[in-house]
Amino acid sequence: MSVRLETKYLNKFVSPEMLAAIQPQITAADRTLREGTGAGSDFRGWIDLPVQYDKEEFARIKMAAERIRKSCDVFIAIGIGGSYLGARAAIEFVRSPLYNSLKKDTPDIYFAGNGINSAYLNELLSLCEGRDVCINVISKSGTTTEPAVAFRVFRALLEQKYGEEEAVKRIFVTTDKARGKLKELADEKGYETFVVPDDIGGRYSVLTAVGLLPIAVAGIDIDAMMEGAAAARAAYTDPDLSRNDCYRYAAIRNLLYRGGKTSEIMVTYDPALALFNEWWKQLYGESEGKDGKGLFPASVVFSTDLHSLGQYIQQGLRNIFETVIDVRSDASPFVIPEDPANIDGMNYIAGKTMHEVNYNAFLATVLSHTDGGVPNMVLELDGRSAYDFGYLVYFFELACGISGYTLGVNPFDQPGVEGYKNNMYALLGKPGAEHEKRRAELKSRIN
Ligand code: PA5
């Protein structure tokens, strides 16, 4: 097992009796999820994905990644939300947050279409000057504004740079197997396409082509990633909380929520997990935040944020708890040097590795925050391998399904996301009677 749940710091907050009391609800959530009797049951394809994925497409992903690695210096992954966060999280987690700046034999990887900003787009375009470029546009619906705009720009760049015929070889499309404008365009132009399965929603899709192609381009072993996810799938089949760390995590967060701890802060002491936390926030925020309910998912990178948010966590509003991901192995040890003059008085930590010091920062903080009334649970993670990533992704996806059903929401829809989109279409002048009507109403409120 790559992940172990340590609950010894929770003793003051969650008792064995509380866990026993919630067990029937967890067992019921497990049944609802596994038997597909709950809301959103059409979107459970991720449950068996680690052992039932399209092997032909998987092989094509690896071949495409190989071609991309050979033919470009810059790879642009275009997508937003679930069509963006997982791939970026994986690359930073397994390789490094400094991936693009490190010496490597794989292309630089940039992300576009994950926001709306002129300067960012202009800067990305200038980074492509004089360099060979490939792009992968990723959109399940094929209609999302942000990636559609970015794709328009980068497609034009490639066609201008290489001509239509060569550009086709450098454009990869990941979208629905049959529907949407993007699929139509890909078919018309002859781009190589990969499929976002019908039964897997965006935020559960990192282990499909959505995440796997950019991840493979970064030189990460996607076989090992799927093996990690498959191992997690096999590990968490028994709903008994005393034997299932994944379900225990889901149970504990529901118990804490019911006790008024309505915000969960995902804590890492490793900057390589900062984007993983962003992925986790989307997974839990979109899955649980609905019907006037849901834990608010937040994240911090310590020790950095101990010097910004640490004060609030220690003494602010007592509606928070923390889940710490403690990465146990130190892949690249750095020993703190001795200074003969000891001018800074720091020789007492000379000879220790940064990892040891960081571990002590973790212990110190867990004890201090617990004293401050903040429940802490710890997920001990073996390391930052592709296998560990796959394992941890599956752990959180499964826990999210169980937690969402325990909370009483549909963990697989996101109806609230449409609100801003519809207003934006209206304000930007999208044609159609419905948009025009909304435009008039919105303008009366703005002016
Ligand atoms: O999880 C989700 O469903 C969303 O975050 C989507 O991934 C996001 O809105 C992008 O959608 P699409 O892939 O259709 O462009």
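Use the structure listed above.
Residues numbered from 1 in each chain as written. Predicted model: local features only at pLDDT ≥ 70, side-chain atom pairs only at ≥ 80, totals over all residues. Heavy atoms only, no water.

Describe in detail helix α13 (residues 386-407), supporting the description with residues and values.
Given a rise of 1.5 Å per residue, 22 residues ought to cover 32 Å, and the 31 Å separating the end C-alpha atoms of α13 matches this to within 8%. With respect to burial, α13 is a largely interior element, 21 of its 22 residues being buried. (Helix = DSSP H or I, 4+ residues; strand = E, 2+ residues; numbered from the N terminus. Expected span 1.5 Å × (residues − 1). Buried < 20%, exposed > 50% of the residue type's maximum accessible area, 1.4 Å probe, protein only.)

Can you explain the pattern of salt bridges? Please cite residues and give values.
Where charged atoms from two side chains of opposite charge come close, those side chains can pair. Under the defined criterion, the tally for this structure stands at 38 salt bridges. A salt bridge links E380 to R4; its shortest N-O distance comes to 3.5 Å. Placement of the pair is E380 in strand β10 (residues 376-381) and R4 in strand β1 (residues 3-6), with a sequence separation of 376 residues. Its relative accessible area of 29% is what places R4 among the partly exposed residues. As a salt-bridge pair, E159 and K189 come within 4.0 Å of each other at their nearest N and O atoms. Placement of the pair is E159 in helix α5 (residues 145-168) and K189 in helix α6 (residues 181-189), with a sequence separation of 30 residues. Look at K189 and you get partly exposed, because its relative accessible area is 22%. If you follow the salt bridges from partner to partner, you end up with R4, D326, R328, E380 and D382 in one network. (Salt bridge = Lys/Arg side-chain N within 4 Å of Asp/Glu carboxyl O.)

So what about the sheet that holds strand β8 (residues 296-301)? Which residues, and what values?
Strand order in the open sheet formed by 5 strands is β1-β10-β9-β7-β8, and the pairing between neighbours is mixed. Both edges of this open sheet fall to β1 and β8, since each of them pairs with a single strand only. Each neighbouring strand pair of the sheet contributes to a mean axis angle of 20 degrees, computed without reference to strand direction. On the sheet, helix α10 (residues 274-288) packs against β7 (263-268), β8 and β9 (320-327) and is oriented at approximately 175 degrees with respect to β8. (Pairing = 2+ DSSP bridges. Axes fitted to C-alpha atoms, helices over the stretch in contact; angles between N-to-C directions. Contact = heavy atoms within 4.5 Å.)

Which residues make up the nonpolar core, and what values do they have?
Counting 95 residues, the largest nonpolar core has Y249, F276, W279 and F396 as its most contacted members. Here this core takes 14 residues from α13, the largest share from any one element. Leave out the neighbours within four places in its chain, and Y249 touches L5, E264, M266, W280, Y284, T323, M377, F395, F396 and A399. Counting 22 residues, the second-largest nonpolar core is a separate cluster that includes I76, I78, L157 and Y191. (Core = buried A, V, L, I, M, F, W, Y, C linked by side-chain atoms within 4.5 Å.)

Go over the sheet that holds strand β3 (residues 108-112), please, and point to the residues and values.
Pairing in this open sheet of 5 strands is parallel, and the strands run β3-β2-β4-β5-β6 from one edge to the other. On the outer flanks of this sheet lie β3 and β6 (192-195), each paired with one strand and no other. The average undirected angle you get between the axes of adjacent strands in this sheet is 20 degrees. The pairing of strand β4 (residues 133-139) with strand β5 (residues 171-175) spans 5 bridges and is parallel. Residue I138 lies in a different strand from β5, and its bridge partner there is T174. On the sheet, helix α7 (residues 209-217) packs against β2 (74-78), β3, β4, β5 and β6 and is oriented at approximately 160 degrees with respect to β4.

So what about a nonpolar patch on the surface? Which residues, and what values?
Among the surface-exposed residues, L309, Y312 and L317 lie close enough to one another that they form a single nonpolar patch of about 310 Å² accessible area. A relative accessible area of 55% means that L317 is categorised as exposed. (Patch = residues over 30% accessible without salt bridge, like charges linked within 9 Å, V, L, I, M, F, W, Y side chains within 5 Å. Areas by Shrake-Rupley, 256 points an atom, 1.4 Å probe, with all protein chains shown as cover.)

Give a description of the side chain of T353 that names residues and reports values.
If you trace the backbone, T353 turns up in the loop between β9 and α12 (354-371). In this structure T353 touches D330, P333, F334 and V335, once residues within four positions along its chain are discounted.

An account of the site of the ligand is needed here, citing residue identities and associated values.
Around the ligand sit 13 residues, and of these S83, S139, S141, T144 and Q282 come closest. Take G82: an N or O atom from its main chain is 3.0 Å from an oxygen atom of the ligand. With respect to the ligand, the side chain of T144 contributes an N or O atom lying 2.5 Å from an oxygen atom. For the ligand, the accessible surface in isolation is 390 Å², of which the surrounding protein chains cover 88%. Among the residues making up the shell around the ligand, the classes are represented as 1 nonpolar, 9 polar and 3 charged. (Near = heavy atom within 4 Å. Polar contact = N/O pair within 3.5 Å; in protein donor to acceptor, adjacent residues only side chain to side chain. Nonpolar A, V, L, I, M, F, W, Y, C, P; charged D, E, K, R; others polar.)

Lay out the packing of helix α1 (residues 16-35) against helix α9 (residues 245-258) in plain terms, naming residues and giving numbers.
Where α1 meets α9, the closest approach of the two axes is 10 Å, and the angle between their N-to-C directions is 120 degrees. Relative to α9, the element α1 is oriented oblique. Crossing geometry of α1 relative to α9 is assigned as right-handed. Of the residues in α9, those in contact with M18, L19, I22, Q25, I26, D30 and R34 of α1 are Y247, R248, A251, I252, N254, L255 and R258. (Parallel < 35°, antiparallel > 145°, perpendicular 65-115°, else oblique. Left-handed = near helix turned anticlockwise from the far one by under 90°.)

Function cannot be inferred from these measures alone, as they are strictly geometric.
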